[in-house]
Amino acid sequence: MFDAVPSPDFPAQERAQLAFWTGEGIFDRSVEQSKDRPRYVFFEGPPTANGLPHWGSVFTRVGKDVFLRYKSMCGYYVPRRTGWDTHGLPVEVEVQKELGLKGKEDIEKMGLEAFSRHCLESVGRYIGEWERMSERIGFWLDRDGYATYHRSFVESVWWALSTFFEQGLLYQDYKSVWWWPQGNTTLSAGEVGEGYRAVDDPSVVVRFRLDDGTALLAWTTTPWTLPSNLALAVAPQETYAEVRHEGGNVILAEALVAAVIGDDAEIVRTLAGSELVGRSYEPLYTFREPENGKSYEVLGAAFVTLDSGTGVVHMAPAFGEDDYRVGKEQGLAFLQLVEPNGHMSEDCGAFAGLFFKEADKPIMRDLKERGLLFKQATYRHDYPFSPRAPDEPLLQYARRSWFIRTSAKKDSVVSNNQSVTWQPSHIREGRMGDFLRNNVDWAISRERWWGTPLPIWKNDETDAMESVGSVAEILQRNPDAFAKFYAQQKNDATLSDDLMVHRPWIDDVTWTKDGEPGVYRRVPEVIDCWFDAGSMPFAQWGYPHQNKDRFEENFPADFITEAIDQTRGWWNAMLQISTLLFPERATPHPFKSCVVLGFITDKEGRKQSKRLKNYEPPMEALDKYSADAVRWALLVNCVPGLNTKFDGSSAKESTRDLLLKVWNVLSFFVTYARIDKWEPHDSPPVFERATLDRWILAELDDTIAGVCSAFDDLEAYTAARRVQSFVDALSNWYLRRSRARFWASGDSTDKHAAFSTLHEVLCDLSRLLAPFTPFLAEELFQRVVRRHDTTAPVSVHLDPFPTPSADWSDPWLRQSMGTVRNLVALGLSVRAHHQLKVRQPLAETILVLHDRAQVEPYLEVIREELNVKEVRISDDPAQFVEFEIVPNFRALGPKLGKRMPQCKQALANANGSALYQALETKGEITIELSDGQPVMLSKDEIEVRLKAREGYAAASEGDTVVVLDTRLTPELEAEGLAREVIHHIQGARKDLDLEYDARITIVYEASDALAAALATHGPWIAGETLTTTLEPGEVEGDAREADVGGHLFRFRVAL
RNA sequence: GCGCUUGUAGCUCAGCCGGUUAGAGCGUCCGCCUGAUAAGCGGGAGGUCGGUGGUUCGAGUCCACUCAAGCGCACCA
């Protein structure tokens, strides 16, 4: 016997399922049992173990889980290795905040060892939070995974870097980079991109005096770079103009004279830009002598345009990117009067020690006093700030950094990406493709502490450099390299081997080489943590130092999924590194397909942020609404690549739309199965079952096929929507229409067929739901499958996904039932319009339709649903409807072309009924168009539309009309009253909370027509309401009263 | 500034190769039904398919331009 189904408490049930899964080791078994099957490789994009998981994290994990569960149930071996991104700026900044460390000095004062240990500890804390969330949402993932700080992981990354170094792909160079002074580090393009904000900056035009008394005008928005000015650049082929001006004539591009000076400017003469090239000018400031090269000279440069400014560009090679490049090409000197901490150098006179942005005003004031400030305004533009500290502006700063020459292999990376399957597909050429095509060399060094150390050692006397790819390689050079580390470890058990490859310990590692003077010491930098993440395909296994076979088995990934911000992050890093490192491998690698998720926003479409407090903490919501509700809400609403507005109300909706509906169907099934003591056995062949049974099985079959194909197209949301509409059909049509079959008394083959069908549907539904709502699916499975079939796996997640079945498939039946449901909807709408309750039986409904064969087998369904005595398909449609003949544009368009509108008009003007007659008899019609030419139209080339004639209670749609006979006879009215009575008695039974099969007796008082109706229909009423005696009499005790069709009905129910 | 994506009912979204009465769910109002239901059903209201122009017999769908939003790229001085 099935267990009674209680009222649902989804969160509580989920806790029980979690305990069950853990206790039985279901996840491990699901992986284990498929060990010998084809492998489906998944890479976990390592989340940064920094900060609590938010809705985006929840969504990403659900998005991963649903595909992995599906593939697993489809018979693939789907190992799921967890991973954590544990290095880098985010972690350091978090620790700095916690410990109140302001900057570089504070950290160094505290000591790198303590700092690194704090970072490690912080990371461990957040990993715990993430694991709790992952478990709660039912995301199945191995606990035993990789972390980027592991020694084996770091050594793999070293191997990659070392390989690049040897191939000349890793190089050091001065380059203008975005520098974060307070953070003492460069930032990657990605990090910089996060911090742009519109600000108002000064916009000044400055005079640079030439030796002949005139001056060149140059525009800049960064006055703080002016003391470091070394040159001016002009466009040699453009025309420049000398303009008369008090205080000395000025020179600028002719095209910009009006914009800079005004329409009334008086041009003294014009000259070519090339004439200016080579002239020297008077420096604005001479705080420090420029080193190694030319200075204070006018250069010609191709990058100078006349779009804005003056056509004369102020050049400070120590800062801007173009400035540095051109400076280098043209042999300019180098002058950097801003220190790495962002403050003006000590030798800057009055400006010494000012923070660079603070120097703007004093510099402008000074220039003004000296008559060198030509014009001053404010300029609103976007400027980058630190993504970690939004008030701290970044500085464009020429700095020696390490780069990976990704630009050298740009084409290979782009073409590797071409073969990746992206969902949605536009990402390939759009977002991702653009990013890769615009790629510049990857600045990977960071002047920080907690990260993978750059494995380059430099001879402190000769500057020779060596790279190493592992600890073993270091030991070959110096067997005692880690002596100090091991000595410390002896006394300190908490010092794990993972730390030996980190700062500060690794900085103690040195070696010498025979025949070479000097000592090899490690360069100070660590690397961008995105390089760690991007190395994960091989570094997770410690490849190539170990696990070569596991790497080969798991490369490339079949599937990954992350949110769209990974374009510049993880995806980019993986594509770059893999393409450079494994040039010989077949593309795509390291991943074959990727589902791109949008962001989860609040209901207003704003990004969720802690600051705005515009979201509910996920863990709280999961306990409130249930993980399944949250999963379903995310899966059914989120379209790949698009943002989704989400909050708790979405989870509430999914509880109603899916969870409760499924639960209620289960509850119905079990209720009647228990009453009848029905057990699954000898299920009848499908072709012997009732139409409704065959129909719901056909729908199930179609749903299964649809879900599979949606998953195969990487469209989880389409799959979810298919399931949703199946559950609707099951609950709202199959069950509603089948109820009577279940509560019919006695045993019948039909009842058995109904039970068997519903049971089979529920069994498959549990499997169908398993990837989406694993908890509900399990609950269902345990109740309907495991309860009887002890040979079934202990968990739905060990069972195969359903497959379409030829026995069930029946497209014709599905279409017919669709038509029937439509007819019923029309009929009910007629009733609504004429205020005829469905409880009031009517004599007849007449259907007018084209394809009677499609509907004929189901007239009984329509009869019951519309509560009419008879359903008839009209033989004489003309009696009820008018015909309208319209062209079938799709068919006629190509044939008639420009004459199409004439045809439409001619058909509209003609008598529709006459045309219909002709069509019925001859199978075609001929009509004359306004150009005088007749046109012959076949049946396929036109469409017949029906409209109910005036005066009938009818509704129409397309080629279908439903007519109701609204006339009531006394007999019909009496039956209507009887049904009202049944309704009230049933209500009373429910009120009294009676068992479904409890027998009752009723005494009632009624008069007139109602009494007559009760007398006539007594036996029927009694049968429907399980009433043993139904008799008139004095109603005493707790009487109930009801208004039945205007008559008072008093009655008393007794057991 | 440039690029990608999106714009369809109050909200969330469908809409296949262009085919002429643009759909669904939620919400709302009205009505109905209910021995599974914390449910369900029917109907009404609600749309210049962001705008303009074009191609076409025919455009929500194709093209051009344009507006708005999200994201990405980027401070050329």
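Numbers given to residues run from 1 along each chain, matching the order in which its sequence is written. Written order determines the labels here, with chains lettered from A and ligands numbered from 1. Selection of residues for local features in this predicted model requires a pLDDT of at least 70, selection of side-chain atom pairs for listing and counting requires 80 or more, and totals for whole chains, interfaces and linings are taken over all residues. Derived side-chain values reflect all non-hydrogen atoms in the structure, with water molecules and hydrogen atoms excluded from consideration.

### A closer look at the overall build of chain A
A tally of regular secondary structure across chain A gives 34 helices and 38 strands. Each radius of gyration reported is based on C-alpha atoms, and the globular scaling rule is 2.2 Å times the count of residues to the power 0.38. Since a compact globule built from 1055 residues should have a radius of gyration of about 31 Å, the 40 Å found for chain A marks it as more spread out than a globular shape. Considered along the principal axes of its C-alpha atoms, chain A spans approximately 120 × 90 × 60 Å. Partly exposed residues are those whose accessible area sits between 20% and 50% of the maximum for their type, while under 20% is buried and over 50% is exposed, using a 1.4 Å probe and protein chains only. The buried share of chain A, taken over its 1055 residues, is 55%. A residue counts as positive if it is Lys or Arg and as negative if it is Asp or Glu; His and the chain ends are not included. By convention, the charge on Lys lies at NZ, on Arg at CZ, on Asp at CG and on Glu at CD. Measuring between centres, the 117 positive side-chain charges of chain A sit 1 Å from its 157 negative side-chain charges. Counting from the N terminus, the helices are DSSP H or I runs at least four residues long and the strands are E runs at least two residues long.

### Some details on the protein's contact with RNA strand B
When we say a residue is near a molecule or strand, we mean one of its heavy atoms is within 4 Å of it. The environment of RNA strand B is formed by 63 residues, the closest being Val-313, Arg-568, Arg-839, Phe-889 and Gln-986. At the protein interface, 55% of the atoms of RNA strand B within 4 Å belong to sugar or phosphate. Polar contact criterion, stated in full: a pair of N or O atoms within 3.5 Å, where within protein one must be able to donate a hydrogen and the other to accept it, and residues adjacent in sequence count only if both atoms are side-chain atoms. Note that a phosphate oxygen of RNA strand B is positioned 2.2 Å from one of the side-chain N or O atoms of Tyr-672. Residue contributions to the surface near RNA strand B peak at eight residues, all from helix H22 (residues 648-676).

### So, the confidence of the model for chain A
It should be kept in mind that the predicted coordinates are not to be read in detail where pLDDT is low. Confidence scores labelled pLDDT are given residue by residue by the predictor and lie between 0 and 100. Here chain A shows a mean pLDDT of 86. Residues at 70 or above account for 98%. We note a pTM of 0.85 for the whole complex and an ipTM of 0.83 for its interfaces.

### Some details on the nonpolar core
By size, the foremost hydrophobic cluster in this structure holds 164 residues, and its most contacted members are Ile-474, Phe-669, Tyr-734, Leu-758, Phe-772, Leu-847 and Ile-862. Those residues in contact with Leu-758 that lie beyond four places of it in its chain are Val-665, Phe-668, Phe-669, Leu-730, Tyr-734, Leu-735 and Phe-742. Definition of nonpolar core: a set of buried residues of the types Ala, Val, Leu, Ile, Met, Phe, Trp, Tyr and Cys, connected through side-chain atoms within 4.5 Å. Trp-180, Phe-208, Leu-271 and Leu-299 belong to the second largest nonpolar core, which has 73 residues in total. In what follows, a contact means two residues having at least one pair of non-hydrogen atoms within 4.5 Å.

### So, the pattern of salt bridges
Within this document, salt bridges are pairs made up of a side-chain nitrogen of Lys or Arg and a carboxyl oxygen of Asp or Glu, the two lying within 4 Å of each other. Taken as a whole and assessed by the stated rule, the structure comprises 63 salt bridges. The salt bridge partner of Asp-434 is Arg-437, with a shortest N-O separation of 3.1 Å. You can see Asp-434 and its partner Arg-437 sitting in helix H14 (residues 426-437), three residues apart, about one turn around the helix. Take Asp-434: its relative accessible area is 40%, and that puts it in the partly exposed class. Owing to a relative accessible area of 33%, Arg-437 belongs among the partly exposed residues under this scheme. Two residues, Lys-484 and Asp-508, come together in a salt bridge whose shortest N-O distance is 3.3 Å. Taken as a pair, Lys-484 in helix H16 (residues 483-491) and Asp-508 in the loop between H16 and strand E20 (510-511) lie far apart in primary sequence, 24 residues in all. Taking the relative accessible area as the measure of exposure, Lys-484 reaches 57% and is therefore exposed. Bridged by salt links that share partners, the residues Glu-44, Arg-61, Lys-64 and Glu-562 form one connected network.

### A look at the sheet that holds strand E16 (residues 442-443)
Strand order in the open sheet made by the four strands is E4-E3-E14-E16, with antiparallel pairing throughout. Since the sheet does not close on itself, it has two edges, and those belong to strand E4 (185-186) and E16, each with one partner. Across 10 bridges, the pairing between strand E3 (residues 170-180) and strand E14 (residues 395-404) is antiparallel. Note that in E14 the partner of Trp-178 across the bridge is Gln-396. Two strands pair under a simple rule: DSSP has to find at least two bridges between them.

### Let's talk about the environment of Thr-921
Within the fold, Thr-921 resides in helix H32 (residues 912-922). In sequence terms Thr-921 and Ile-942 are 21 residues apart; their C-alpha atoms lie 15 Å from each other. Looking at Thr-921, its side chain comes within polar contact range of the main-chain oxygen of Ala-918, at 3.1 Å.

### Digging into the packing of aromatic side chains
Any two rings among Phe, Tyr and Trp, with Trp reduced to its six-membered ring, count as a pair given centres within 6.5 Å; such a pair is stacked if its planes are under 30 degrees apart, edge-to-face if over 60, and tilted if neither. Enumeration according to the criterion identifies 55 aromatic pairs in this entry. Between Tyr-70 and Phe-801, the aromatic rings sit 5.0 Å apart at their centres with planes inclined by 85°, giving edge-to-face as the arrangement. Within this pair, whereas Tyr-70 is found in helix H3 (residues 55-73), its partner Phe-801 is found in the loop between helix H26 (774-786) and helix H27 (811-833), the two being separated by 731 residues in sequence. Summarising the burial analysis for this pair, Tyr-70 and Phe-801 share the class buried. A ring pair is formed by Tyr-281 and Tyr-296, whose centres lie 6.0 Å apart and whose planes are at 85°; its orientation type is edge-to-face. You can see Tyr-281 sitting in the loop between helix H10 (273-276) and strand E11 (297-300) and its partner Tyr-296 sitting in the loop between H10 and E11, a full 15 residues away along the chain. Linked through ring pairs, Tyr-40, Phe-42, Phe-67, Tyr-70, Tyr-76, Phe-559, Trp-632, Phe-711, Phe-772 and Phe-801 together constitute an aromatic cluster. Charge-over-ring placement is defined geometrically: NZ (Lys) or CZ (Arg) within 6 Å of the ring centre, and within 35 degrees of the ring normal. One Lys or Arg, Arg-585, reaches over the ring of Phe-582 and ends 5.2 Å from the middle of that ring.

### Focus on the side chain of Ser-626
With respect to the helices and strands, the residue Ser-626 is situated in the loop between helix H20 (618-625) and helix H21 (627-637). Under the relative-accessibility criterion, Ser-626 is labelled buried at 0%. Only 3.1 Å separates the side chain of Ser-626 from the backbone nitrogen of Ala-629, close enough to count as a polar contact. Residues within four places of Ser-626 in sequence aside, it is in contact with Phe-10, Pro-11, Glu-14, Arg-136, Ala-621 and Leu-659.

### Concerning unusual backbone geometry
Thr-587 connects to Pro-588 through a cis peptide bond whose omega is 0°. Tracing the sequence through the fold places Pro-588 in the loop between helix H19 (570-581) and strand E24 (593-597). A cis geometry characterises the amide bond from His-589 onward to Pro-590, with omega recorded as 5°. Relative to the elements of secondary structure, Pro-590 occurs in the loop between H19 and E24. You will see that Lys-677, though not glycine, has its phi angle at about 50°, which is positive. Examined against the element boundaries, Lys-677 turns out to sit in the loop between H22 and helix H23 (691-712). Under the relative-accessibility criterion, Lys-677 is labelled exposed at 59%. Positive phi values are uncommon outside glycine, yet Asn-867 reaches one of about 55°. The residue Asn-867 is located in the loop between helix H29 (859-866) and strand E28 (868-873) in this model.

### Focus: the packing of H3 against helix H6 (residues 112-136)
To get an axis, a line is fitted to the C-alpha atoms, and for a helix only the part in contact is used. The angle between two axes follows their N-to-C directions and goes from 0 to 180 degrees. Where H3 contacts H6, the axes come no closer than 10 Å and their chain directions differ by 50°. As far as their axial angle goes, H6 and H3 are oblique. H6 is crossed by H3, and the crossing has right-handed handedness. Contacts from Ser-57, Val-58 and Arg-61 of H3 reach H6 at Trp-130, Met-133 and Ser-134. Residues that form the contact of H3 with H6 fall into these classes: three nonpolar, two polar and one charged. Oblique is the label for any angle not covered by the other classes, which are roughly parallel (under 35 degrees), roughly antiparallel (over 145) and roughly perpendicular (65 to 115). In a left-handed crossing the near helix is turned counterclockwise from the far helix by less than a right angle, and in a right-handed crossing that turn is clockwise. Asp, Glu, Lys and Arg are counted as charged, while Ala, Val, Leu, Ile, Met, Phe, Trp, Tyr, Cys and Pro are counted as nonpolar; the rest, among them Gly, fall into the polar class.

### Some remarks on the packing of H22 against helix H25 (residues 749-769)
In the contact formed by H22 and H25, the axes pass within 11 Å of each other and the chain directions differ by 145°. Crossing angle aside, the handedness with which H22 passes H25 is left-handed. For the pair H22 and H25, contact is made by Leu-658, Val-662, Val-665, Leu-666, Phe-668, Phe-669, Tyr-672, Ala-673 and Asp-676 and by Lys-751, Phe-755, Leu-758, His-759, Leu-762, Leu-765 and Leu-769, respectively. Residue composition of the contact of H22 with H25, by class: 13 nonpolar, one polar and two charged.

### Some words on the environment of Phe-20
Mapped onto the secondary structure, Phe-20 falls in helix H1 (residues 10-24). We classify Phe-20 as partly exposed; its relative accessible area is 24%. A C-alpha to C-alpha distance of 77 Å links Phe-20 and Leu-284, two positions 264 residues apart in sequence. If we ignore the near neighbours within four places in the chain, the residues touching Phe-20 are Ile-26, Glu-778, Gln-782, Val-794 and Ser-795.

### Here we look at the pairing of strand E31 (residues 934-938)
Burial along E31 is one-sided: the face carrying Val-935 and Leu-937 is buried and the face carrying Pro-934, Met-936 and Ser-938 is not. Across five bridges, the pairing between strand E30 (residues 924-928) and E31 is antiparallel. When the sheet's bridge partners are listed, Glu-928 is paired in E31 with Pro-934. Two successive antiparallel strands, E30 and E31, enclose a turn made up of five residues, where Gly-932 displays a positive phi of approximately 90°.

### What about helix H12 (residues 360-369)?
Among the residues of H12, Asp-360, Ile-363, Met-364 and Leu-367 are the ones counted as buried. Taken end-on, H12 shows its buried residues confined to a sector of 100°, consistent with a single buried face. The exposed residues of H12 that point more than 90 degrees off its buried face are Lys-361, Arg-365 and Glu-369. Taken together, the buried residues of H12 touch strand E5 (196-209) and strand E13 (373-384). Among the residues trailing H12, Gly-371 stands out with phi positive, at a value near 70°. Directions are taken from the helix axis to each C-beta atom, and the arc is the one they span.

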